Amino acid sequence: METISSSSTELHVLAVDDSNIDRKVIERLLKISSFKVTVVDSGSRALEYLGLEENRNSSQFDDLKVNLIMTDYSMPGMTGFELLKKIKNSSTLKEIPVVIMSSENILTRIDRCLEEGAEDYLLKPVKLSDVTRLKDSILKTENRGISELQSHRGKRKRSDDRLLVLPSSFSCHKDVSISPPPSPQQPTPKLARL
């Protein structure tokens, strides 16, 4: 397992391929595109790295968030398709985009991978334009997630602003029931004076 880093704000890609040459090519393309890259040579090693295997020995990588997994389809032992299924069935990892790479342009295979949740299916040799397109897609997704979180926080703050504030002279011993603030769709009921 080898991790390569080039800047502090980069996205982290886990690249999985049993071919040493293909690993070096994808690693180089990702590095040129300013990704942090971790390469492993099998599906089972990828699962170890991600923490899905019981015999996990990758505790030194606990703090590294993986933003994308790129895996070869045809590998001995566990195929890229089997790795994809395990990741998409994991409650903790299913949101990580997975891209399948293959030198075989088989339509039924491509369809099956996309139906199972693959983000994309790239034909080898992978080109720099493929990696650039993936990076743009991931950044849009990450930015959309941040915007949604900020929007949710803003809505929560606005709803907190509508909470009823009682004057300090209000006695807690009076028998008064307080209902939640009205929703924006309902007219505000008239309240009786105390």
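These figures come from a predicted structure and were not determined experimentally.

A. Structural view of the nonpolar core. Ranked by size, the top nonpolar core spans 24 residues in total, and within it L14, V16, L50, I69, I100 and C113 carry the most contacts. Contributions of two or more residues to this core are made by β2 (12-16), α2 (43-50), α3 (80-88), β5 (98-102) and α4 (107-115). If near-sequence neighbours (up to four positions away) are discounted, I69 is found in contact with L14, V16, L50, I87, I96, P97, V98 and V99. The next biggest cluster of nonpolar side chains, apart from the first, holds 18 residues, and it includes A15, L30, M101 and V126.

B. Inspection of the environment of I110 at higher detail. Following the sequence through the fold, I110 ends up in helix α4. When the C-alpha positions of I110 and L122 are compared, they lie 9.2 Å apart, and in sequence the two are 12 residues distant. Residues in contact with I110, not counting those within four places in the same chain, are N105 and Y121.

C. Structural context of the pairing of β2. Along β2, 5 of the 5 residues are buried, which leaves the element largely enclosed by surrounding structure. The side-chain alternation of β2 yields two buried faces, one formed by H12, L14 and V16 and the other by V13 and A15. Sheet analysis places β2 next to strand β3 (residues 36-40), joined by 5 bridges and oriented parallel. Its bridge partner being in β3, H12 is matched across the sheet by K36. Each parallel crossover has a hand, and for β2 linked through helix α1 (residues 20-32) to β3 it is right-handed. Of the pairings in the sheet, the one linking β2 to strand β4 (residues 68-72) comprises 4 bridges and is parallel in character. Bridged to V16 within β4 is T71.

The rules behind these values
- Residues numbered from 1 in each chain as written.
- Predicted model: local features only at pLDDT ≥ 70, side-chain atom pairs only at ≥ 80, totals over all residues.
- Heavy atoms only, no water.
- Core = buried A, V, L, I, M, F, W, Y, C linked by side-chain atoms within 4.5 Å.
- Buried < 20%, exposed > 50% of the residue type's maximum accessible area, 1.4 Å probe, protein only.
- Helix = DSSP H or I, 4+ residues; strand = E, 2+ residues; numbered from the N terminus.
- Contact = heavy atoms within 4.5 Å.
- Pairing = 2+ DSSP bridges.
- Right-handed = clockwise from strand over helix to strand, strands pointing away.

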